[in-house]
Amino acid sequence: MWIPTEHEKYGVVLASFRGTVQHGLPLEIGDTVQILEKCEGWYRGFILKNPNAKGIFPCNYIHLKNAHIKNKGQFETVIPTEDSVITEMTSTLRDWGAMWKQLYVKNEGDLFHRLWHVMNEILDLRRQVLVGHLTHDRMRDVKQHITARLDWGNEQLGLDLVPRREFSMVDPDEISVTELYRLMEHRHRKKETPVPASTHHLFVHMKSLMSANLGEELEVYFHIYDGRENRPLSERFFVRLNKSGVPKSPEKTERQCTLFVDLGSSDLRKDVYIVVHVIRIGRMGAGEKKNLCSVQYRRPFGCAVVSIADLLTADSKDDHLLKVYACNTESEWYQIHENIIKKANSRYNLSGSNTGLAVALQLLHGDIEQLRREYMVLFTRGVSITRKLGFSDVIMPGEMRNDLYITLEKGEFEKGGKSVARNVEITVYVLDIDGQILKSHVAAGSGEPGGDEYHSLVLYHNNSPRWAEQIKLPIPVDMFRGSHVRFEFRHCSTKDKGEKKLFGYSFVPLMQEDGRTLPDGTHELIIHKCEENANLADCSRYLKLPFSKANLPSNNQTLKGTKESFWITSFLCSTKLTQNGDMLDLLKWRAHPERINDSLSKLKEIDGSEIVKFLQDTLDTLFGILDESSQRYGLKVFDSLVHIINLLQDSKFQHFKPVMDTYIESHFAGALSYRDLIKVLKWYVDRIVDAEHQDHIQQVLKASEYIFKYIIQSRRLFSLATGGQNEEEFRVCIHELFMSIRFFLSQENKGTSPVTQTQAVFLRTFPAVYGELLKIFTVREVAGFVRETLGSLPATVHAECPLEAVKLQCIAKTVESQLYINPESRCILLPVVLRLLQAHMQEQRDLVMCARILTSMLSLIKKEENGTAEPVVSEEVELIVESLLGVLLRTILEITNRPQPAGPALRLQFQDVTGEFVACLLALLRQMSDRHYQQLLQAFSNKDDLRDFLLQIFTVFRILIRPEMFPKDWTVMRLVTNNVIITTVLYLSDALRKNFLNDKFDYKVWDSYFYLSVIFINQPCLQLESFSPSKRKKILEKYGDMRVMMGCEIFSMWQNLGEHKLNFIPAMIGPFLEVTLVPQPDLRNVMIPIFHDMMDWEQRRSGNFKQVEAKLIDKLDSLMSEGKGDETYRELFNSILLKKIERETWRESGISLIATVTRLMERLLDYRDCMKLGEVDGKKIGCTVSLLNFYKTELNKEEMYIRYIHKLYDLHLKAQNYTEASYTLLLYDELLEWSERPLREFLNYPMQSEWQRKEYLHLTIVQNFDRGKCWENGIILCRELADQYESYYDYRNLSKMRMMEASLYDKIMDQQRLEPEFFRVGFYGKKFPFFLRNKEFVCRGHDYERLEAFQQRMLNEFPHAIAMQHVNQPDQTIYQAEAQYLQIYAVTPIPESQDVLQRDGVPDNIKSFYKFNHIWRFRYDRPFHKGTKDKENEFKSLWVERTTLTLVQSLPGISRWFEVEKRELVEVSPLENAIEVIENKNLQLRTLITQCQSRQMQNINPLTMCLNGVIDAAVNGGLARYQEAFFVKDYIMNHPEDGEKIGRLRELMFEQAHILEYGLAVHEKFVPQDMRPLHKKLVDQFHLMKSSLGIQEFPAYVRASPVHFTNGSPRTCRNSVPNIISPDGGRGVARRSPLSYPAVNRYSSSSLSSQASNEVSNITGQSESSDEVFNMQPSPSTSSLSSNHSASPNVTSSAPSSARGSPQMADKHKHSRENACLSPRERPVSAIFPNPLDPAQRAPPHQIGDTTLPRSDPNLSAPDKVRPTPSSWSLDSVKEGAPYFSDSVGKFLCPPVPPRPPYSAGSSAKNMRSQSPVSTSRSPQKTTAPPFTPSPTECQSAGLVSNSPVLSGSYSSGISSLSRCSVSEASGTELPAGDHSTHPLPLPLPPPTTMPNSVSSSSDEPIRRENKTPPPYSVYERNNPRRPVPLPHSLSIPPQTDPPALPPKPHQLRTGSMKLDGTSDPRVPRPRPLPRKVSQL
């Protein structure tokens, strides 16, 4: 049975549990669980991070931990009872863990590794804390370390600052807001600005001395030297070195390392140096030979100097190598360091070129205790301490020191009978009172222990030596009396004995008889003669002698006159001994009572350090005198006491205050002193007003704190001694004293008067007295004193008066004092405090202090809230609210509107004071209850005051919400702020409803309220979705989702507005829309209905809601571009509003609005998603185009439209789509006129006239057209600009424009243009963005981009898309799939500009522009077999399905791709297909022959190969197959309607034979010698071909047309570079066909006969089954069109360019190789058209195309459908086989062929499927034969999706060449059938081959273009009525004259229903005229 657990509530998972049992809860190791129930070894509960999932788990998997439970029962929460630091560590490490992994993902390696180390460190420290074996101090250090690491990590990861007190996290609800602010501020400041240390220490480690000439031991002395004052600052540090120059005791680090301690900040100057003196121990002369003498001397060696300032900049860990200098003369030794510092180079030199001192130097900062903690190793290993000479800047009580420093300065000695000067050595001893030498009390410096004696340097032969050697005598205090120092002088002989001979001595006593020590300074000592050591044995003998020349009696002239003297300098640093006689006199006042008066007077002159040394003794003395002679000395003792008290205010001695406090508490015994002290103090206070000089009185008042301490302690001692006698008398005295104080305080004076300054002095010290008074008086009494005293201050305020600031400081200290903390006293003091505070805040003065006071007051209130004094607190809050709330709001408004100060320190203070006031306001509002709010609102006498208050508080709240109000990581503070704001707003909204509705409605207050609510909801710190789950959970538990609360309040208030809602429409639409975009479902559900309400009210007011719609649309764009909103929002917006308006009368218009807004959202969301991507791709551009269209056509928002034009323009420029960029900018250009209307500044345009902006745009567009090589369009704009310049007579610019125009013409003729490929792309599936979803587009490829490259690019742009492997229209399952499907294949452009392309003599450079620009329609052909397939002759059943795509815009345009608007499907019959094939081949032959004749061909190979291909194929059955298929009796009988076409085919075959014959004649003329055998073979084969066709003689009509090529060679194409021309006309891809090479065997045209099937390039060999048509890629080789199996050009290839460009591989192998190389989704067409042998895979032909776009109607009846018409002949083979030649049409010259009889080509319009099909004509002769547009894959590179079935070699002979025929080669254009009759010019057109119904069916084509809504940027519709711009020659319509005669061609004589004169049929609509402007191109 499951039993609820009592104590087992919380645990940690020890091992992972899979939870495989029923109801099992899976657990991960480390998870924390809350346990609910227990049953037989199992627990039931949940994981704390996911409380919703409950389950069971084994008990033994859980480690139980102590916890306490809140809200016991169903909703209980468990809090572990562990150290809060542990809890924080655990949660923080969990948060870091997830973020740490993300750092790795983001490649932030440095932070990743640093964080890893810190996390490990925290885990180790956590273990230490958990084990619990740490000492209290160590635990504190560890916790400090942990919190520092946690804060570091949080800061690095951008997490929140954690408020802490004593290392524990603080709950913001547990403390007041002011305290919380202070904690946050403290942590923030700590993080920002570490406090600079005031104490510094220098660490020195002596490493070694490097020198070439060592060999003797050395002594090295370091000291710090002040170069400014020329004196040492520290004692010396002494290191002994051995003969190798390294320390003698390497194991004792304290002898090599020292710390120069207690350097002040003033010592870190440039002129403070580390000076190193090096002394050698050895012979007198450094180079002396060794002698028997073993005596050693201390001799100078060298000196080194380094500035301390250098250490501040150098790397502290570097070793320093100091240069060592020696002095030139030994007499200069004493000042060598000064000379080095002064750089007196003549006095010293380097002691050796490679002598250097290796030393480690490091500056350390902070007090010595801190260093002990931080550099523990240093102190445990051992380091000597080297002290400053004298006390440090701060003297600490208890510091024991007694050091006497003596410096041996110089001596003056007589020669002593010697011829040379002496070598003098001094030996120093310290002797005690008994004459015994004190052992170990002479130290050369720190580092080495002291010795018994000290030997000075020996300066060679110098009777006036200067040593400047400092020694330290650390003599104990008790030995000072009676001790003396003796200096013995010896002459050091350099003779063999090397003896040291005594010749004199000096001595100096250390203490005088009166107890004073040897005074500091220089002393000239007498040198007493003595040559025997024995004479010095008894010191009592010489101690009676005088020792100093200064102390000699005047009558002792003998000693005074002697020349011999010895100078020393002494300096005592002692905490116990004094050199001051006055001090001693005072302390010994009982011995000399008569000197008391003098001693008290001189006390002020004694140095402070002397007084503090004897502080207790001095105080005892003073109070002793007071007790004994109060009448006589009372005033002087009082003054002395004041002097001592004020001395302790000095920063140097402030640490002695505790000493005085201890004295008062423990040692003070003056029980009677209080009377005298009160009396004297009152006497001084009473004299204040009249006294002229206030200085002394001010000193007295400064000391009043300690005077009161003495008074109170004295009284307490008296009460204890007497049992409380004279209590009343004491109280009266104190009351009288305070009356005097109040009187003097109440005096009003000018700001600078002395009395005012005295008042200020008193106020500064007064708060310190409260605590003392409380020791005797009650709290209420003391509070009364304080209230009356502060109340007596003059009320009038002078702004400049310094007293005002002091008053506030006094109030601040009062509020912070112990007195104010007591609620009893607080209620007495609060009114006074509030009165002063209010006055200052109203005047906006001393705001920093005001903030401090308020902060203290409010933090106390919070503390009391949880206590017992609830009513008291409530009263206080009421008082504060009444006095300060209004002024506090005004203050915050005032300071936040001020400009911030410039200096960083001032700015910090400014931010602090703002933050403090804000915290105070929040704390006050948080304390306010219902009653307080009621009282507050009732207190306003009229509505205006209430209105002003509400406006103020709402404005302040808006300021508090600003992001810059608090640092960004202060989330805790922000949440508290928001909680207070929302609570207050809920209270105030009632007041708003009651007072400002209906007739009292006030728009401004309501507007302020709504505005505040909106920005409240939109704050970043409330967007919980952006937080980690743990942080979100904490916030929700503590505060809930405050956005929803505020949203509900907005809705509620909105509902109360009634008809006043109209005031907020449309103003509040934007803000409310912003709120609804917050991704919080509840908030959205609450807020979205408001829009329905707005629509309803707007409908009532104006009958529509256009305003609502306009505002919604405007705001949506800006908000969504900021990243707000999502797909869920769109759906919610749509569903909620649709539901709301169901019953409205205006439902229809409402639905329309909602649909518009929803569609806009779809586009904006797509746009935003696309823009997140890195590179510019088609998706971004397409999306921008979609949005731009939407703004123009559906919303008519011109400004937004223009903005997106420029965004699109920038995208194009970035992608280097210069042509598209030009078209885009044209859209804006077209909106402008050539007028002088001024235009405002907009986007990047300055303020300028419309004319200027349009001119700028024109120039920019021309420049971009130039960069995009679209020069023809640039020319039109140049002309337009030129006309403008001309009209303004601006000839300078006109000239420039004409030159620019000319340069563009030059570029057309001179520069190469690459011809782009076009691709059809279908985007299917719901996962595509809205603007692409289930649509098809045609895209203009990049330069050199072929199908597979394009396909790969599209797959990269849509990485989740699946490439479809067929070209059939997809079905509904694909449309509705939750996926992305891409269908891509190449398409062929159908040019519009037929006229230019059909003209002879127009260069290819010009034609190429018209072939690939302004293209609306594209074509794609797919061959298939209909009916039974004849394996012997597959051409009998080979049909072509031709798809024509019409776009919404022409390409190129503002995008590289446009949507397909209409699809048309036509089926071309086998016979028509055969006609097209042969026509195209004939055209190719004519072209090559013409080029050869006109000698345009450098090489005759192309013609050779073409002839070879055609003749060889014909002989081997090429044309014979057509004969078998179409000329047999069965076919003619079964297809009587095809009679005319059969005749046409026969004519073409004869024509081909005739052309071949002429071609062979031309070939013979030009063929080189080595190719003669081939030519002969061709001639022989040609005769075989003729015989196979049954041609013996050409018919009369053929002969009648001689093969005459017109004069004038056609111009060669600029692109005629070998192997570069692509088959479809000048495109730069090297596609080689067999015709490109002379190797006949390898590249000969394939034959349909089985004999030829083994050839490599056999494309039509019979050995291959014709079924392979659907399995093989067509060969790139060109074969004869007369081949029996030659297929129609519609049998198009989509072979990859690699296959097409590789002639070394047979075609079927190429294709299979290509397939093998591609991945399954890339593999082309094995799946496009299944093998026809497998009926299951083959779709019946009638199904193909049935799934076209909705515009196509598959249900059209047969009569409505237009039949195909045969195309004119093509030059495709030329393109395939002759890369040297032009592929343009219009320059082909026909061979002279005999005229043909008339030929009619009528055929029924069967097999054509299209809603509005267009039958077209594409003959260079403007025939009506429908042009054949080759397969898109022929002119585009192949890729994933093939357009055609894989062709077997059997129809390559005529197909692959034709299938690559681009429209541009045959005629370059498709016109609607019948368009020949509507041509503006009378053109000689042959009879049509189409039936009239096909003509009429196409008549809607031009009309459709006119009627369709052109997009706003339609370049077709650009009109400029002001000035017609003439077309450039290349674009103009030729005059109505016959075109130059082409050679007659047989088919021109065909007759039919078409008029031969080419006049137009009025019933047929005219084709689109050529554009007159670029925008219409």
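Bear in mind that the values here come from a model prediction, so they are computed numbers and not experimental data.

Novice: Which parts of the structure should I look at to understand the overall build of the protein?
Specialist: What the protein contains, in helices and strands, is 68 helices and 43 strands. In the protein, which comprises 1977 residues, the proportion classed as buried is 59%. Accessible surface for the protein amounts to roughly 80,600 Å². Of this, 51% is attributable to carbon and sulfur atoms.

Novice: When you look at helix H24 (residues 802-816) in this model, what are you seeing that I'm missing?
Specialist: For an α-helix, 3.6 residues make a turn, and residues three or four places apart therefore share a direction. For H24, which comprises 15 residues, the first-to-last C-alpha distance of 22 Å matches the rise-based estimate of 21 Å (1.5 Å per residue) to within 8%. Taken together, the buried positions of H24 are Leu803, Glu804, Val806, Lys807, Leu808, Cys810, Ile811, Ala812, Thr814 and Val815.

Novice: Sorry if this is basic, but what is going on with the sheet that holds strand E18 (residues 319-323) here?
Specialist: Within a beta sheet, neighbouring strands are joined by backbone hydrogen bonds and run either parallel or antiparallel to one another. Read across the sheet, five strands follow the order E18-E21-E11-E15-E22 without closing on themselves; strand pairing throughout is mixed. Edge positions in the sheet fall to E18 and strand E22 (384-386), since each of these pairs with one other strand and no more. Here the strands of the sheet are splayed against their neighbours by 35° on average, with no regard to which way each runs. Summarising the sheet, strand E11 (residues 199-210) and strand E21 (residues 356-365) pair through ten bridges and their orientation is antiparallel. Counted as the bridge partner of Phe203 is Gln362 from E21.

Novice: How should I be thinking about the environment of Phe1318 in this particular structure?
Specialist: Looking at the secondary structure, you find Phe1318 in strand E34 (residues 1318-1324). Among the residues examined, Phe1318 registers a relative accessible area of 0% and is labelled buried. Separated by 27 residues in the primary sequence, Phe1318 and Glu1345 place their C-alpha atoms 9.6 Å from one another.

Novice: What is the right way to look at helix H52 (residues 1470-1493) in this model?
Specialist: Its 24 residues place the ends of H52 35 Å apart at the C-alpha level, agreeing with the 34 Å of an ideal helix rising 1.5 Å per residue. Counting buried positions over the 24 residues of H52 gives 23, a clear majority of the element. Arg1495 lies just past H52 and shows a positive phi near 60°.

Novice: Please clarify how the sheet that holds strand E27 (residues 484-492) should be interpreted in this entry.
Specialist: The antiparallel open sheet is built from five strands, whose spatial order is E25-E24-E27-E28-E30. With partners counted over all chains shown, the strands left at the sheet margins are strand E25 (453-455) and strand E30 (528-529), one partner each.

Novice: Looking at this model, I keep getting lost on the pattern of salt bridges. Mind explaining?
Specialist: Side chains that carry opposite charge are capable of pairing whenever their charged atoms lie near each other. Scanning all chains against the criterion turns up 96 salt bridges. The closest approach of N and O atoms between Glu1272 and Arg1313, which form a salt bridge, is 2.8 Å. Placement of the pair is Glu1272 in helix H46 (residues 1271-1287) and Arg1313 in the loop between helix H47 (1291-1310) and E34, with a sequence separation of 41 residues. When its relative accessible area of 11% is taken as the criterion, Arg1313 is described as buried. Measuring nitrogen to oxygen at the nearest pair gives 3.1 Å for the salt bridge that ties Arg1442 to Asp1421. Taken together, the residues span a long stretch of sequence, with Arg1442 in strand E39 (residues 1438-1451) and Asp1421 in strand E38 (residues 1415-1425) at a distance of 21 residues. Note on Arg1442: relative accessible area 7%, which makes it buried. Given a relative accessible area of 0%, Asp1421 falls into the buried group. Each of the salt bridges in this network shares a partner with another, and the network as a whole consists of Glu219, Arg240, Arg255, Arg298, Glu448 and Glu469.

Novice: Explanation requested: the packing of helix H14 (residues 615-628) against helix H17 (residues 673-687) in the structure shown.
Specialist: Any two packed helices are characterised by how steeply their axes cross, that is the angle between the axes, and by the distance between the axes. At a minimum axis distance of 10 Å, the contact between H14 and H17 shows a crossing angle of 90°. Between H14 and H17, the interaxial angle falls into the category roughly perpendicular. Packed against H14, whose contacting residues are Phe623, Leu626 and Asp627, the element H17 presents Ser673, Asp676 and Leu677 at the interface. Its residues assigned to classes, the contact of H14 with H17 comprises three nonpolar, one polar and two charged.

Novice: Explain the packing of aromatic side chains here, please?
Specialist: Ring pairs (aromatic) are described by centroid distance and by the angle formed between their planes. Applying the stated criterion to the full structure yields 75 aromatic pairs. An angle of 5° between the planes, with centres 4.7 Å apart, marks the rings of Trp100 and Phe112 as stacked. With Trp100 in helix H1 (residues 84-105) and Phe112 in helix H2 (residues 109-131), this residue pair connects regions lying twelve residues apart in the sequence. Taken as a pair, Trp100 and Phe112 share a single burial class, namely buried.

Novice: Would you explain the nonpolar core in this entry?
Specialist: If you look at soluble globular proteins, the nonpolar side chains tend to sit buried side by side. One finds Tyr710, Phe917, Phe1010, Phe1072 and Phe1091 to be the most contacted residues of the largest nonpolar core, which totals 306 residues. Examining the composition of this core, we find that twelve residues originate from one element, helix H28 (residues 870-897), more than from any other. Once you skip the residues sitting within four places of it in the chain, Tyr710 turns out to touch Leu619, Phe623, Leu641, Ile645, Met660, Tyr663, Ile664, Phe668 and Leu677. If you look at the next biggest cluster of nonpolar residues, it comprises 55 residues, including Ile471, Leu525, Leu536 and Cys539.

Novice: When you look at unusual backbone geometry in this model, what are you seeing that I'm missing?
Specialist: A cis amide bond, omega 10°, links Ile1065 with the succeeding residue Pro1066. In this fold, Pro1066 is placed in the loop between helix H35 (1042-1057) and helix H36 (1069-1076). Cis peptide bonds are those with omega within 30 degrees of zero, and the linkage from Leu1451 to Pro1452 qualifies with -5°. For Pro1452, the position within the fold is in the loop between E39 and strand E40 (1457-1468). The residue Glu40 is not glycine, and still its phi comes out positive at about 45°. Its relative accessible area of 73% is what places Glu40 among the exposed residues.

Novice: How do you make sense of the environment of Thr178 when you look at a structure like this?
Specialist: In this fold, Thr178 is placed in helix H4 (residues 177-192). Spatially, the C-alpha atoms of Thr178 and Leu922 are 8.1 Å apart, while their sequence positions differ by 744 residues. In contact with Thr178, not counting residues within four places along its chain, are Thr855, Leu858, Ser859, Ala919, Cys920 and Ala923.

Novice: In this structure, what is going on with the environment of Gln649? I would like to understand it.
Specialist: Here Gln649 is to be found in the loop between helix H15 (630-647) and helix H16 (657-667). As a C-alpha pair, Gln649 and Ala703 span 54 residues in sequence and 9.0 Å in three-dimensional space. Those residues within four positions of Gln649 in sequence are excluded, and the remaining contacts are Lys657 and Lys702.

Novice: Got a minute to help me understand the confidence of the model for the protein in this structure?
Specialist: The predicted coordinates of low-pLDDT regions are not to be read in fine detail. Per-residue confidence for the protein averages 76 on the pLDDT scale, and 76% of its residues sit at or above 70. Within the model, pLDDT remains below 50 along residues 863-869, and this stretch shows nine contacts once partners closer than five positions in the same chain are excluded. Low pLDDT (under 50) marks residues 1596-1977, which in the prediction has 1292 contacts with non-local residues, meaning those over four places away or in another chain.

Novice: Please explain the side chain of His277 as it appears in this structure.
Specialist: With respect to the helices and strands, the residue His277 is situated in strand E16 (residues 272-282). Within the structure, the side chain of His277 is placed 3.3 Å from the side chain of His337, a separation counted as a polar contact. His277 has contacts with Glu219, Val220, Tyr221, His223, Gly302, Cys303, Trp333, Ile336 and His337, leaving out every residue within four places of it along the chain.

Novice: What's the story with the packing of helix H54 (residues 1518-1526) against helix H56 (residues 1539-1566) in this structure? I'm lost.
Specialist: At a minimum axis distance of 12 Å, the contact between H54 and H56 shows a crossing angle of 165°. In terms of orientation, H54 and H56 fall into the roughly antiparallel class. As H54 packs across H56, the resulting crossing turns out to be left-handed. On the side of H54, the interface is formed by Leu1519, Tyr1522, Gln1523 and Phe1526, while H56 contributes Ile1542, Leu1545, Met1549 and Gln1552. When the residues that make up the contact of H54 with H56 are grouped by side-chain class, the tally is six nonpolar, two polar and no charged.

Novice: Would you take a moment to explain the pairing of strand E12 (residues 217-226) for this structure?
Specialist: Across the ten residues that make up E12, a large majority, nine, are buried. One ladder, built from ten bridges, connects E12 with E16; its direction is antiparallel. The partner of Glu217 across the bridge, within E16, is Ile281. Examined bridge by bridge, E12 and strand E14 (residues 237-241) share five bridges and lie antiparallel to one another. Its bridge partner being in E14, Tyr221 is matched across the sheet by Phe238. Note that E12 and strand E13 (residues 231-232) share two bridges and pair antiparallel. Bridging from a neighbouring strand, Tyr225 pairs with Pro232 of E13.

Scoring rules and cut-offs
- Residues numbered from 1 in each chain as written.
- Predicted model: local features only at pLDDT ≥ 70, side-chain atom pairs only at ≥ 80, totals over all residues.
- Heavy atoms only, no water.
- Helix = DSSP H or I, 4+ residues; strand = E, 2+ residues; numbered from the N terminus.
- Buried < 20%, exposed > 50% of the residue type's maximum accessible area, 1.4 Å probe, protein only.
- Areas by Shrake-Rupley, 256 points an atom, 1.4 Å probe, with all protein chains shown as cover.
- Expected span 1.5 Å × (residues − 1).
- Pairing = 2+ DSSP bridges.
- Axes fitted to C-alpha atoms, helices over the stretch in contact; angles between N-to-C directions.
- Salt bridge = Lys/Arg side-chain N within 4 Å of Asp/Glu carboxyl O.
- Parallel < 35°, antiparallel > 145°, perpendicular 65-115°, else oblique.
- Contact = heavy atoms within 4.5 Å.
- Nonpolar A, V, L, I, M, F, W, Y, C, P; charged D, E, K, R; others polar.
- Phe/Tyr/Trp six-rings, centres within 6.5 Å; stacked < 30°, edge-to-face > 60°.
- Core = buried A, V, L, I, M, F, W, Y, C linked by side-chain atoms within 4.5 Å.
- pLDDT = per-residue confidence, 0-100.
- Polar contact = N/O pair within 3.5 Å; in protein donor to acceptor, adjacent residues only side chain to side chain.
- Left-handed = near helix turned anticlockwise from the far one by under 90°.

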